[in-house]
Amino acid sequence: MISSSNDLYQAKQQIKEAIATGAPAYNSGDVQKCASVYMDTAARIIPIVPTTFKSKLQTEVEDSKAVVNENNPDAKAWALRRIFDSILEFIPPIIPSKQQLNVSYEPFTSTQIGVTSTLNNGGFASIRWRFNTPQNWVYAKGIYIKGLKHSNPLEHTFSILLKDDMCERVRLANYKAVFANPIQNDNNAENDNNADDETLYIPFSVFNQMEQMGRALVGSPAFNPLAVTEIGIMAIKPTVVGEFHLEFSEWGLYTESIKA
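Everything quoted here is computed from the prediction, not taken from an experiment. (Residues numbered from 1 in each chain as written. Predicted model: local features only at pLDDT ≥ 70, side-chain atom pairs only at ≥ 80, totals over all residues. Heavy atoms only, no water.)

1. A few points about the pairing of strand β4 (residues 142-146)
Phase 1: Taken across its five residues, β4 has four buried, putting it largely inside the fold.
Phase 2: Pairing of β4 with strand β8 (residues 199-203), which is carried by five bridges, proceeds in the antiparallel orientation. Looking at the pairing, Y144 lines up with Y201 of β8.
Phase 3: The pairing of β4 with strand β13 (residues 250-255) spans five bridges and is classified as antiparallel. Looking at the pairing, I143 lines up with L253 of β13. (Buried < 20%, exposed > 50% of the residue type's maximum accessible area, 1.4 Å probe, protein only. Helix = DSSP H or I, 4+ residues; strand = E, 2+ residues; numbered from the N terminus. Pairing = 2+ DSSP bridges.)

Shown next, in the form of structure tokens:
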């Protein structure tokens, strides 16, 4: 589903270098040079980018000569720039673990979760639960999900959204953690059972950057589990475009620590 963290880092560095050369060329009127730089970079990074971007880059590279020869480098430059920007924004997901943990589980129930709303706008779909009063989760280590299955395991990723009392003071602010389960097989009962045995653990420590409309708010405080006001699950581009499904058997809070 994803390349190694070093591969992703290298791909992002090459993209940044390409943009540093290509963007000024484009702005000065040399659109052909910009498109060529972007195409060369795209061809180099295909082997090291996350799976969800490989086919998109491959398609652009394969038809690049035809497009450029038709004197339309502008379209090619912008098509690749949009993919590059998506790769730069990509965050590797947290995935289920077989690691033995010394933890206790506290499943969410209907009494713990308040009003439910669904949103589908601007390239994302989400379902969120607001609490009638702020919740004190400071005793817990994070959120767990059991039996996680979803569409297109090698490409689709999803996000857990959290809001605390500080987010309520900043319009459209929240915290996100990306998750996925790339190892699943709906046609194999044994694999399905193994998937149910694996648990996804999302520690509160990964919610360390407040966002506003997907943009990091530099200097903002980390998530405060002492006053939780909202929790949600989101599917969002670029990893999820069009139809998707997401299911799991149980989720909630987990406490205590990982065994040494």
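2. Quick word on the confidence of the model for the chain
Phase 1: Residues with a pLDDT of 70 or more make up 81% of the chain, whose mean pLDDT is 83.
Phase 2: Mean pLDDT across the secondary structure elements of the chain bottoms out at strand β2 (residues 115-120), with 46, and peaks at strand β7 (residues 173-179), with 95.
Phase 3: Across residues 186-195 the pLDDT falls below 50, and counting only partners more than four positions away or on other chains, this stretch makes seven contacts in the model. (pLDDT = per-residue confidence, 0-100. Contact = heavy atoms within 4.5 Å.)

3. Notes on the packing of helix α2 (residues 31-45) against helix α5 (residues 73-89)
Phase 1: Between α2 and α5, the shortest axis-to-axis distance is 9 Å and the interhelical angle comes to 45°. Regarding the angle of α2 to α5, the classification is oblique. The interaxial crossing formed by α2 with α5 has left-handed handedness. Contact residues: V31, Q32, C34, A35, Y38, M39, T41, A42 and I45 in α2; P73, D74, K76, A77, L80, R81, F84 and I87 in α5. (Axes fitted to C-alpha atoms, helices over the stretch in contact; angles between N-to-C directions. Parallel < 35°, antiparallel > 145°, perpendicular 65-115°, else oblique. Left-handed = near helix turned anticlockwise from the far one by under 90°.)

4. Regarding the packing of helix α1 (residues 5-27) against α2
Phase 1: Axis separation between α1 and α2 bottoms out at 7 Å; the angle between their running directions is 170°. As far as their axial angle goes, α2 and α1 are roughly antiparallel. Contacts between α1 and α2 pair A11, Q14, I15, A18, I19, T21, G22, A23, A25 and Y26 from the former with V31, K33, C34, V37, Y38, T41, R44 and I45 from the latter.
Phase 2: Split by residue class, the contact of α1 with α2 holds twelve nonpolar, four polar and two charged. (Nonpolar A, V, L, I, M, F, W, Y, C, P; charged D, E, K, R; others polar.)

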